[in-house]
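Summary of the model geometry
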Amino acid sequence: MLRGAMLCALLLVTSVVPALAQTYGAQKPRRQFVTISMDWLKTEPLHFASHPLEDLVGREVSSSPGEAHDFETRDEQILIDVVEFRKRNRAVSVAVYPLGLSSGPTLGIRGSIEELPTIRVTFAGAEAPRDYAFVDARAYDIGAGLYIADRSPGWGLGSQAFVVGGVGRIKSDGQEGSRMFAEGGGGLTVGPFGVQLAVKFAWNTLNEPVEHRFLTVPITLRGTLSF
C-alpha cells in the first residue's frame, strides 16, 4: 500500500515538473516599441588645435604649455586662448522599434535634440581673425541602428546594447551647420525603466565665419522609459 502511494506521488511529480517548466519557458517579455530618454552629457574635445583652430586661422596651430595663452600658430604670429568650452550638456531623445524590442536583435530609429558645447575663443596678433563664439547651439539628429536586448518578463532585470549611425542639423546663435555621428552603448532595464551609458562621436561642420569643423565626443548617462 505504501509502495503504491509513493509510486503514485512520484508519477505525479514527474508529470507536474515538466508542465511547470514548459509554462515558465513559454513566458516572454512584452514587446516594446518606443523609448523616451533624458540624457546627461559630458563632452570632450578631440584634436581641437587641428579643428576648429587651424580652420579658423588658416595655418598650423600648436599648444602652448606654460604660457598665458592656450595655443599659438607655429610661426608665433597669432596667440589663441580658449576662454570657454562647456563640457556638461543635456539632451532628449526618442527611439522607435518598428518590429518591436523584446529579446534578441531588432532595428531601431532614434531622434534626439542635443545641446552642444558653448565655445568661446579669442585671438591676438597682427593677422588674427575676429574672436570666435559658438553659443546656444543644438543638434537635431536622426539615425538608425541595431539594438540587442535580453529582457526579462515583468519587472525582471534585463540588459540592452546598441550601435547607431546618422546625420544631424546644427542651429546656434547666428550659425547653422551639419554633422555626422556614430554612437554605441548599453545598459540595464527593470520593467519599463532603464539606464544606459553611451559614447558618441560627432563630426560637426559650420560655414561661418569660414568653413570649419570640430569633433565632439560626449559620454552620456541616459535614463529611459519604454513602452
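As a starting point, this report considers the structure included with it. It should be emphasised that the depicted structure is a prediction, and the values quoted were computed from it without experimental measurement. Residue indices begin from 1 for each chain and proceed along its sequence in written order. For this predicted model, a pLDDT threshold of at least 70 governs which residues receive local features, and a threshold of 80 or more governs which side-chain atom pairs are given and counted, while totals over whole chains, interfaces and linings are taken from all residues. Hydrogens and water are ignored here; the side-chain numbers use all heavy atoms of the structure.

1. Thoughts on the overall build of the protein
Stated precisely, the cut-off is as follows: Helix numbering and strand numbering both begin at the N terminus, where a helix is a DSSP run of H or I of at least 4 residues and a strand a DSSP run of E of at least 2. Throughout, exposure labels follow a simple rule: accessible area from a 1.4 Å probe, protein chains only, divided by the maximum for the residue type, with under 20% read as buried, over 50% as exposed, and the rest as partly exposed. Contacts: residue pairs with any heavy atoms within 4.5 Å of one another. Here the open area of atoms and residues is found with the Shrake-Rupley method and a 1.4 Å probe, where only the protein chains shown may cover a residue.
When you go through the protein residue by residue, the secondary structure sums to two helices and 13 strands. The buried share of the protein, taken over its 227 residues, is 39%. For the protein, the proportion of contacts with a sequence separation of at least 24, taken over those separated by at least 6, is 62%. If you sum the accessible surface of the protein, you get close to 12,700 Å²; carbon and sulfur atoms cover 62% of it.

2. Here's the deal with empty space enclosed by the protein
Our working definition: The definitions used throughout rest on a 1 Å grid laid over the protein atoms alone, on which a cavity is an enclosed set of points accommodating a 1.4 Å probe that cannot get out and a pocket is an open set flanked by protein within 12 Å on both sides along at least five of seven lines; lining residues are those having an atom within 4 Å of a point. Grid points are joined across faces, edges and corners, and a volume is the space filled by probe spheres set on the points.
For the structure shown, the criterion picks out three cavities of 30 Å³ or more. Approximately 80 Å³ is the volume found for the largest cavity. In this structure, the largest cavity is lined by 15 residues; those nearest its centre are Gln 160, Thr 189, Gln 196, Thr 224 and Ser 226. Elements with a minimum of two residues in the lining of the largest cavity: strand E1 (32–46), strand E11 (175–190), strand E12 (193–206) and strand E13 (212–226).

3. Some remarks on the pairing of strand E4 (residues 79–85)
To keep it simple, the criterion reads: Strand pairing is assigned whenever DSSP identifies at least 2 bridges connecting the two strands.
Here strand E3 (residues 71–73) pairs with E4 via two bridges, running antiparallel. Bridged to Glu 72 within E4 is Leu 79. Hairpin connection from E3 to E4: five residues lie between these consecutive antiparallel strands, with Glu 76 at a positive phi of about 65 degrees.

4. A short note on the environment of Leu 206
In this structure, Leu 206 sits in strand E12. Look at Leu 206 and you get buried, because its relative accessible area is 0%. Sequence-wise, Leu 206 and Gly 177 are 29 residues apart; in three dimensions their C-alpha atoms are separated by 4.5 Å.

5. Brief notes about the sheet that holds strand E9 (residues 138–150)
The criterion, for reference: Every angle, taken between N-to-C directions, lies between 0 and 180 degrees, and every axis is a line fitted to C-alpha atoms, over only the stretch in contact when it is a helix.
If you walk around this closed barrel you meet the eight strands as E1-E5-E6-E9-E10-E11-E12-E13, and the pairing is antiparallel. Neighbouring strand axes in the sheet, compared pairwise and without regard to direction, differ in orientation by 25 degrees on average. Sheet topology note: the E12/E13 ladder contains 12 bridges and is antiparallel. Paired with Leu 206 across the bridge in E13 is His 212. Here helix H2 (residues 49–57) sits on the sheet and contacts E1, E12 and E13; the angle it forms with E13, its principal contact strand, is near 145 degrees.

6. Considering the pattern of salt bridges
The condition is simple: A pair is scored as a salt bridge if a Lys or Arg side-chain nitrogen falls within 4 Å of a carboxyl oxygen belonging to Asp or Glu.
Overall, the coordinates contain 14 salt bridges when judged by the stated rule. We note a salt bridge from Glu 60 to Arg 74, for which the minimum N-O separation is 3.1 Å. Separated by 14 residues along the polypeptide, Glu 60 in the loop between H2 and strand E2 (61–63) and Arg 74 in the loop between E3 and E4 bring together distant segments of the chain. Exposure remark for Glu 60: the relative accessible area of 49% places this residue in the partly exposed category. Among the salt bridges present, the one from Lys 200 reaches Glu 114, with a minimum N-O distance of 3.0 Å. A residue pair is termed long-range when its members are at least 10 positions apart, and Lys 200 in strand E12 and Glu 114 in strand E6 (residues 103–115) qualify at 86 residues. The pair formed by Lys 200 and Glu 114 is uniform in burial state, with each residue classed as buried. Counted as one network, the salt bridges with shared partners bring together Asp 39, Arg 110, Glu 183 and Arg 222.

7. Overview of the packing of aromatic side chains
Our working rule: Stacked, tilted and edge-to-face are the three classes applied to pairs of Phe, Tyr and Trp rings, where Trp contributes its six-membered ring and a pair requires centres within 6.5 Å; stacked means planes under 30 degrees apart, edge-to-face means over 60, and tilted covers the rest.
The tally for this structure, following the rule as stated, stands at five aromatic pairs. A centroid spacing of 5.8 Å and a plane angle of 90 degrees characterise the contact between Phe 48 and Phe 85, whose relative ring orientation is edge-to-face. Here Phe 48, found in the loop between E1 and H2, pairs with Phe 85, found in strand E4; they are 37 residues apart in sequence, far enough to count as distant. In this pair, the class of Phe 48 matches that of Phe 85, namely buried. Measuring from centroid to centroid gives 5.3 Å for Tyr 97 and Tyr 147, while their planes differ by 75 degrees, and the two rings are edge-to-face. You can see Tyr 97 sitting in strand E5 (residues 88–101) and its partner Tyr 147 sitting in strand E9, a full 50 residues away along the chain. Each of the two residues, Tyr 97 as well as Tyr 147, counts as buried.

8. Side note on the side chain of Lys 200
Under the convention used in this document: Think of a polar contact as two N or O atoms within 3.5 Å of one another; within protein, one of them needs to be a possible hydrogen donor and the other a possible acceptor, and neighboring residues in sequence only count if both atoms come from side chains.
Looking at Lys 200, the relative accessible area reads 3%, which means it is buried. There is a polar contact of 3.0 Å between the side chain of Lys 200 and the side chain of Glu 114. With residues up to four places along the chain from it excluded, the contact list for Lys 200 reads Ser 112, Glu 114, Asp 141, Arg 179, Phe 181, Ala 182, Glu 183, Thr 216, Val 217 and Pro 218.

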